[in-house]
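Architecture and fold: a report
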Amino acid sequence: MESMGKKKPRPRRSFTPEFKAEIVELCQRGDRSIGQIAKDFDLTETAVRLWFHQAGTDAGRLPGLTSSENEELARLRRENRRLREDVEILKRATAFFATETR
């Protein structure tokens, strides 16, 4: 009764862009469903669908942000977060030194 119906989570895996492209190409051929391809390669159907959709977006066939736009957005968000932290540090330093000079 301890583990009835509970699966052990699989460790996170990473795949090369070349492998993802091969999987997307298999999906585009249309001779097998996305679910069947996922099962054949021991992948999650969600991952395969995301790769397929992102390939269509990158090719301009589907709406959304391209891979390069996603990378730029992530970079800008990191930079924005760092700059906000810098501003917060400067505010604290200004407040500290303002009280020290009185």
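Residues numbered from 1 in each chain as written. Predicted model: local features only at pLDDT ≥ 70, side-chain atom pairs only at ≥ 80, totals over all residues. Heavy atoms only, no water.

Let's shift gears to unusual backbone geometry. If a residue is not glycine, its phi is most likely negative; likewise, a peptide bond is most likely trans. Although it is not a glycine, D42 sits at a positive phi angle of roughly 55°. Along the chain, D42 turns up in the loop between α2 (34-40) and α3 (45-58). Under the relative-accessibility criterion, D42 is labelled partly exposed at 43%. (Helix = DSSP H or I, 4+ residues; strand = E, 2+ residues; numbered from the N terminus. Buried < 20%, exposed > 50% of the residue type's maximum accessible area, 1.4 Å probe, protein only.)

With that settled, consider the packing of helix α1 (residues 17-29) against α3. Interaxial distance between α1 and α3 falls to 9 Å at its minimum, and their mutual angle equals 85°. Classed by the angle they form, the pair α1 and α3 counts as roughly perpendicular. Two secondary-structure elements touch here, α1 through F19, K20, I23, V24, C27 and Q28 and α3 through V48, W51, F52 and A55. Residue classes in the contact of α1 with α3 are distributed as 8 nonpolar, 1 polar and 1 charged. (Axes fitted to C-alpha atoms, helices over the stretch in contact; angles between N-to-C directions. Parallel < 35°, antiparallel > 145°, perpendicular 65-115°, else oblique. Contact = heavy atoms within 4.5 Å. Nonpolar A, V, L, I, M, F, W, Y, C, P; charged D, E, K, R; others polar.)

The subject of this paragraph is the pattern of salt bridges. Two side chains with opposite charge may pair up if their charged atoms get near one another. Across all of its chains, the model carries 7 salt bridges by this definition. Where R49 meets E45, a salt bridge forms, and the shortest distance between an N and an O atom there is 2.7 Å. Separated by 4 residues within a single helix, R49 and E45 lie in helix α3, roughly one turn from each other. Residue E45 is classed as partly exposed on the basis of its relative accessible area of 37%. For the salt bridge of R82 with D86, the shortest nitrogen-to-oxygen distance reads 3.2 Å. (Salt bridge = Lys/Arg side-chain N within 4 Å of Asp/Glu carboxyl O.)

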